[in-house]
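Observations on the model geometry
The chain contents come next:
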Amino acid sequence: MTEDQKTIQELREQILVLQQQLDWFKRQLFGKKGEQFQHPDLFGDPEAGKPAPSSEDESPEEGDAANAKKNRPGKKRNTRAAALPKDLPLRTEVIDPEEVLRDPAAWRLIDEDPREWLEKDPGYFYLIRKIYRTYVPLNDPVEGKALTAPAPPTIIENGFWGPGLLSEVLCNRFLYHLPYDRQQKLYSNRFGIHLPKQTMSDAALKVADQLGLLTTLMKRDMLACGYIRADETEARYLDSNEPGGSSTGRFWLYKALSGNVLFDWQLDRKHHHLFDWLGPDFQGILGSDAYEAYPKYCLAQRLKGKVAKRAACLAHIRRKYETALKQKPHLAAWYLKIFGQIYQIEATLKEMKADEQIKVRYRRRYSLPLLKLIHRANQHLRDRKAALPAGRLGQAISYTLNQWEEVLTYIDHGQVEIDNNGVERDVRPVAIGRKNYLFVGSPEAGDRSAVLYSLLISARHHGVDPEAYLREVIERLPGCGSNEAALRELLPENWAAAHKSDQNNLSDQQQAVA
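Residues numbered from 1 in each chain as written. Predicted model: local features only at pLDDT ≥ 70, side-chain atom pairs only at ≥ 80, totals over all residues. Heavy atoms only, no water.

Re the pairing of strand 8 (residues 284-287)
Looking at chain direction, strand 5 (residues 227-238) and strand 8 are connected through 3 bridges and run parallel. Bridge pairing in strand 8 links isoleucine 228 to leucine 286. Judged from the 4 bridges that link them, strand 8 and strand 9 (residues 308-311) form a sheet pairing that is parallel. Directly across from glycine 287, in strand 9, lies its bridge partner alanine 311. Viewed along the sheet, the connection from strand 8 through helix 10 (residues 293-303) into strand 9 turns out right-handed. (Pairing = 2+ DSSP bridges. Helix = DSSP H or I, 4+ residues; strand = E, 2+ residues; numbered from the N terminus. Right-handed = clockwise from strand over helix to strand, strands pointing away.)

What about the environment of glutamine 266?
Secondary-structure assignment places glutamine 266 in strand 7 (residues 261-266). On the basis of relative accessibility, which here comes to 21%, the residue glutamine 266 falls in the partly exposed class. Taking C-alpha positions, glutamine 266 is 9.9 Å from alanine 235, a pair spaced 31 residues apart along the chain. Contacts of glutamine 266, omitting those with residues within four sequence positions, involve Gly249, Arg250, Trp252 and His273. In terms of polar contacts, glutamine 266 uses its side chain to reach the side chain of histidine 273, at 3.2 Å. (Buried < 20%, exposed > 50% of the residue type's maximum accessible area, 1.4 Å probe, protein only. Contact = heavy atoms within 4.5 Å. Polar contact = N/O pair within 3.5 Å; in protein donor to acceptor, adjacent residues only side chain to side chain.)

Focus: the pattern of salt bridges
If you walk through the whole model with that rule in mind, you get 22 salt bridges. The residue glutamate 346 makes a salt bridge to arginine 363 at a minimum N-O spacing of 3.0 Å. Remark: arginine 363 occurs in helix 13 (residues 356-383) and glutamate 346 occurs in helix 12 (residues 329-352); sequence separation between them is 17 residues. Of the residues examined, glutamate 346 reaches a relative accessible area of 12% and is grouped as buried. For arginine 363, a relative accessible area of 1% translates into the label buried. Between glutamate 475 and arginine 471 there is a salt bridge, with the nearest N and O atoms lying 3.9 Å from each other. Note that glutamate 475 and arginine 471 are positioned in helix 19 (residues 466-476) at a spacing of 4 residues, about one turn of the helix. Under the relative-accessibility criterion, glutamate 475 is labelled partly exposed at 44%. The exposure class of arginine 471 is partly exposed, given its relative accessible area of 23%. (Salt bridge = Lys/Arg side-chain N within 4 Å of Asp/Glu carboxyl O.)

A few points about unusual backbone geometry
Although it is not a glycine, asparagine 158 adopts a positive phi angle of roughly 60°. As for its position among the elements, asparagine 158 is in the loop between strand 4 (147-148) and helix 6 (163-174). Among the residues examined, asparagine 158 registers a relative accessible area of 48% and is labelled partly exposed. One non-glycine residue with positive phi stands out, namely histidine 177, at about 65°. Its place among the elements puts histidine 177 in the loop between helix 6 and helix 7 (180-191).

Examining the packing of aromatic side chains
This structure, assessed with the given rule, holds 20 aromatic pairs. Residues tyrosine 187 and phenylalanine 191 carry aromatic rings whose centres are separated by 6.3 Å and whose planes lie at 35° to one another, so their mutual orientation is tilted. With a gap of 4 residues between them, tyrosine 187 and phenylalanine 191 both fall in helix 7, about one helical turn apart. Look at phenylalanine 275 and tyrosine 297: their rings are 5.2 Å apart centre to centre, the planes differ by 90°, and that puts the pair in the edge-to-face class. (Phe/Tyr/Trp six-rings, centres within 6.5 Å; stacked < 30°, edge-to-face > 60°.)

Section: the packing of helix 8 (residues 197-223) against helix 19
One way to put it is that helix 8 packs onto helix 19 with a least axis distance of 11 Å and a crossing angle of 95°. Taken together, the axis directions place helix 8 and helix 19 in an arrangement best described as roughly perpendicular. Note on element contacts: helix 19 touches helix 8 through Tyr469, Leu470, Val473 and Ile474, opposite Val207, Leu211 and Leu214. The class makeup of the residues in the contact of helix 8 with helix 19 is 7 nonpolar, no polar and no charged. (Axes fitted to C-alpha atoms, helices over the stretch in contact; angles between N-to-C directions. Parallel < 35°, antiparallel > 145°, perpendicular 65-115°, else oblique. Nonpolar A, V, L, I, M, F, W, Y, C, P; charged D, E, K, R; others polar.)

Below is the structure:
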């Protein structure tokens with residue numbers, strides 16, 4: 001490579017770093033001041049409603065300059081109305097106060113306040129216009145109190161996007177791995193509607209801030225359930241303070257027996273994040289791989305008098321022996337055959353839909369002898385040095401022997417899974433997503449992403465459409481306030497149970513009619 005080529009390459013790298021830093025500062029500037037700036041695509045024209053300057057307050061020179069600037073030909077502002085097709089369907093609804101509806105003849109209409117939202121159902125966009133009308137009593141129009149029906153609170157104050165559109169954009173991003181810029185092109189090409197990617201990002205942050213109320217309740221329930229599976233995965237995030245403008249953070253995952261999954265965003269893999277999340281009072285079983293943080297937490301809890309055990313992941317253990325197939329094909333194949341028999345027992349229990357007591361009896365009778373056989377073989381090969389400690393098989397043997405007590409945990413606890421594959425599957429949206437959108441936008445954006453991942457993946461585990469779930473949550477959550485009973489109705493498991501009940505009732509009615 002010539003000196004000129006080296007110089008060009010260095011300059012390209014510097015441009016990339018500077019561009020990343022500029023993008024980060026833009027997010028800091030406009031993201032933090034979003035409510036003050038009032039992005040035109042999400043909140044309307046920021047100049048609307050401002051009083052015009054009085055001619056008495058300006059000097060002649062200032063007035064002439066202002067008039068010249070006003071009359072100067074230039075490009076018109078692209079308001080949200082101009083970005084929509086002219087033939088977009090419109091659904092209009094008139095909202096009157098309850099007092100007026102009870103006695104319409106006693107009131108006189110004096111004003112109307114139309115409000116519009118861009119909404120989307122599968123396959124098409126439309127506008128919703130709600131007209132809030134104001135009335136005064138006919139018998140006292142001057143002194144009488146004017147009445148206007150109160151507008152319900154929305155998840156984004158003065159937001160222009162409806163719950164259906166918001167839920168689709170967020171599901172596209174966090175379940176189906178579509179970056180915001182691709183969604184912007186998709187909506188423009190398919191529907192002729194311009195939805196700015198920055199508006200999508202702003203909306204995600206504001207919605208996630210509100211949905212944190214639900215994940216707080218989910219965490220409280222999860223810590224009380226007595227069995228949690230945990231894992232973690234990395235994700236890159238933009239940070240101008242790091243070389244290259246980015247660094248690596250971690251999503252820590254926690255999964256409960258109910259099927260709920262909670263993501264916790266942290267900037268590194270340090271042990272204290274696990275300790276902080278689980279807290280000092282957790283008691284029960286922690287299913288995990290052999291990463292040091294997990295056994296250390298369980299040991300710390302036992303030293304404090306708490307009942308805390310770790311359940312090892314047999315899938316991780318089995319993979320260790322699988323990697324030894326090339327070096328020790330006959331021995332590794334024997335181990336894999338035994339593991340296959342153990343997993344076949346679990347498949348039988350699942351097919352039987354066995355309860356916890358039956359699982360314990362079945363595992364003790366059939367699985368435990370096979371595990372003991374593996375243990376004796378490991379001890380024999382280790383004592384006779386038949387497998388090099390540094391070799392693949394030697395590493396697999398050491399990995400198994402070092403956590404043997406944790407391997408046996410699932411035998412005596414019917415609620416415990418044989419491995420951690422369930423929570424590892426929940427990592428996939430993050431793993432696939434980072435290949436598409438590459439970076440989490442900022443360290444703070446990771447927390448909001450964790451909230452949305454938690455709710456959407458939990459809803460999917462409960463067998464309901466995550467987009468339908470999120471749409472109803474966006475509609476109903478602002479009206480819940482601090483009412484815990486109302487908030488609990490929106491937790492994924494509770495919403496799924498009610499939704500499935502409604503579906504079953506509808507099916508029964510349809511069959512009765514047929």
